[in-house]
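Below, each chain spelled out in residue letters.
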Amino acid sequence: MDNSSRLGLTKPPLPSAAHRQLHHSTRQQRQPAISKQQASFHGERSPKAADALLLPPYLTNAIFFILFFSAAYFLLHRWRDKIRKSTPLHVVTLSEIAAIVSLIASSIYLLGFFGIDFVQSFIARASNDAWDLDDGTTTDPNYLLKEDHRLVTCPPPISAPPPLISPLASQEDEEIVKSVVSSTIPSYSLESKLGDCKRAALIRREAIQRMTGRSLEGLPLEGFDYDSILGQCCEMPVGYVQIPVGIAGPLLLDECEYSIPMATTEGCLVASTNRGCKAIYVSGGATSMVLRDGMTRAPVIRFGSAKRTAELKFFLEKPDNFDALAVVFNRSSRFARLQSIQCSIAGRNLYTRFRCSTGDAMGMNMVTKGVQNVLDFLQTEFPDMDVVGLSGNFCSDKKAAAVNWIEGRGKSVVCEAIIKEEVAKKVLKSSVASLVELNMLKNLTGSAVAGGLGGFNAHASNMVSAIFIATGQDPAQNVESSQCITMMEAVNDGKDLHISVTMPCIEVGTVGGGTQLASQSACLNLLGVKGSNKESPGSHSRLLATIVAGSVLAGELSLMSAISAGQLVRSHMKYNRSERK
């Protein structure tokens, strides 16, 4: 017995010959109602206005052009003669009447010829905005018109709930599932009502399968601690996604060895990073330095006038006032310490970028809480200020922004290594000269031509994302955390390669969020940065940031070598093209 039979699933019966014939005849009856866009999508020729002409369009156009200018010339010539002879203009002959009619007819044709596309564009736009596919007749409801005028097929409507897919423990669970399906019980309240997170996930999973008519078979449910994510990581869970974790290394960084956990579904990534780690190791290792450590939050504040906005800006920039605000800010946490306030004005709106240290936490919640305390304090001094939003995007979180690239956010790290000439040849299968040239033309010049913002690298986001997922960081912050410039120079009389990566905004933490989950906590423990460092708060998160930068250094080195040696396509075809079906 196959899996579908064991789970109570049945395959829909194949349509009969009579059913297919009925479907064909129905389509023929509906065919006249198909719109122009649908006809072009299905490869059919849609009717055009030119089809109504007796002559080809180019001949018809020529005739009406000649008729228009001939009639206009004739009438102007006749009217000039009448004016000279003092003949009333309203007295017209038969030839003049024919010329007037010809002029009007040709004008109407030429106006339509040049204006038809312009008029039809407004008609089509109004039709698209209304999602009207034709002149009002009913067409297939499974087609929707997208902005690019291409039709997509929507999933068919559900005629009846599918049979039971997930095994329920009791009849009580069955009744709860029915209540969720009927919206009597909100799905988000199952955990609080049942007091059992796993049971709530099972019931929610079954309810969503019945409502959608689609199975979640293959999405694991068992083997996960759903209590650990309640109110912290993910709402309304129905299972979890498995992502394989590979180990690259050891990475010799600052005279210590690290085995790098990388969660990814991309083939060759771990192997490539591992090769870079080997090249760095046999060359004596890499060194790193944390240049800056501070998380930011930037609310947007509005006043009635730009003058009043400037007064708050000057107030915030005074050193004496900063000390008082730092005391208010620092009350929000044991670890939060206000470092600076950067202001920018746009009209009567003030954007204030608060930067603070956050210990071993990534710190978004910490800095937000501190900023709220400061705003409450400022409200007494500036009662007319209006806090439009606690985040005004001057932070800038989860977005590529020049302010992060220049000023930094989170941990700003630089990491470097010197790769020996023989290592470049034997391990990387490349040469120092070719790597330097490729880096200049690809990572520097190529990114500049593309208008890149912080993207002067080969694939920094690959390593950043893989380590972020493995260690429980916020994957969305890969956007700014992957901003990186890779530099390569020939040193020691051109024999060896100096490679460095400078990453101004690595946003990581070792406490809070997803770092507390069992799998992610194990990966942090492998790196020796699990939890908070009691003796030196913040040292674990800074160390994690340097490990991320070191991994990016290894990945950059390996990929650039593969491109330089022409190995990129061959390696992916060999290791990333599975034969399994």
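Quick note: structure is the one above.
As the structure is a prediction and not an experimental result, all values here were calculated from the model.

1. Quick word on the overall build of the protein chain
Counting its regular elements, the protein chain contains 20 helices and 13 strands. Within the protein chain, buried positions represent 40% of all 581 residues. The long-range fraction of contacts in the protein chain, counting pairs at least 24 apart against all pairs at least 6 apart in sequence, stands at 70%. Surface summary for the protein chain: the accessible area is close to 32100 Å², and the carbon and sulfur share equals 58%.

2. Regarding a nonpolar patch on the surface
Side chains of Leu76, Trp79, Ile83 and Leu89 sit close together on the surface and give an oily, nonpolar patch of about 420 Å² of accessible area. With respect to the element layout, Trp79 can be found in helix α4 (residues 57-85).

3. Points about the packing of aromatic side chains
Under the definition given, this model contains seven aromatic pairs. Summarising the aromatic geometry, the rings of Phe68 and Phe69 are spaced 5.2 Å apart at their centres and angled 85° between planes, so their arrangement reads as edge-to-face. Residue classification places Phe68 among the partly exposed positions, given a relative accessible area of 23%. Relative to Tyr240, the ring of Phe224 lies with its centre 5.3 Å away and its plane at 20°, an arrangement referred to as stacked. In this pair, Phe224 is assigned in the loop between α8 (197-212) and β3 (245-253) and Tyr240 in the loop between α8 and β3, connecting sequence segments 16 residues apart. Taken together, the ring pairs connect Phe224, Tyr226 and Tyr240 into an aromatic cluster.

4. Concerning the pattern of salt bridges
Scanning the entire structure with this criterion turns up 19 salt bridges. Between Glu174 and Arg210 there is a salt bridge whose closest N-O contact spans 2.8 Å. In this pair, Glu174 is assigned in helix α6 (residues 171-181) and Arg210 in helix α8, connecting sequence segments 36 residues apart. The closest approach of N and O atoms between Arg409 and Glu507, which form a salt bridge, is 3.1 Å. Placement of the pair is Arg409 in the loop between α13 (402-407) and β10 (410-419) and Glu507 in the loop between β13 (496-506) and α18 (518-527), with a sequence separation of 98 residues.

Definitions and limits used
- Residues numbered from 1 in each chain as written.
- Predicted model: local features only at pLDDT ≥ 70, side-chain atom pairs only at ≥ 80, totals over all residues.
- Heavy atoms only, no water.
- Helix = DSSP H or I, 4+ residues; strand = E, 2+ residues; numbered from the N terminus.
- Buried < 20%, exposed > 50% of the residue type's maximum accessible area, 1.4 Å probe, protein only.
- Contact = heavy atoms within 4.5 Å.
- Areas by Shrake-Rupley, 256 points an atom, 1.4 Å probe, with all protein chains shown as cover.
- Patch = residues over 30% accessible without salt bridge, like charges linked within 9 Å, V, L, I, M, F, W, Y side chains within 5 Å.
- Salt bridge = Lys/Arg side-chain N within 4 Å of Asp/Glu carboxyl O.
- Phe/Tyr/Trp six-rings, centres within 6.5 Å; stacked < 30°, edge-to-face > 60°.

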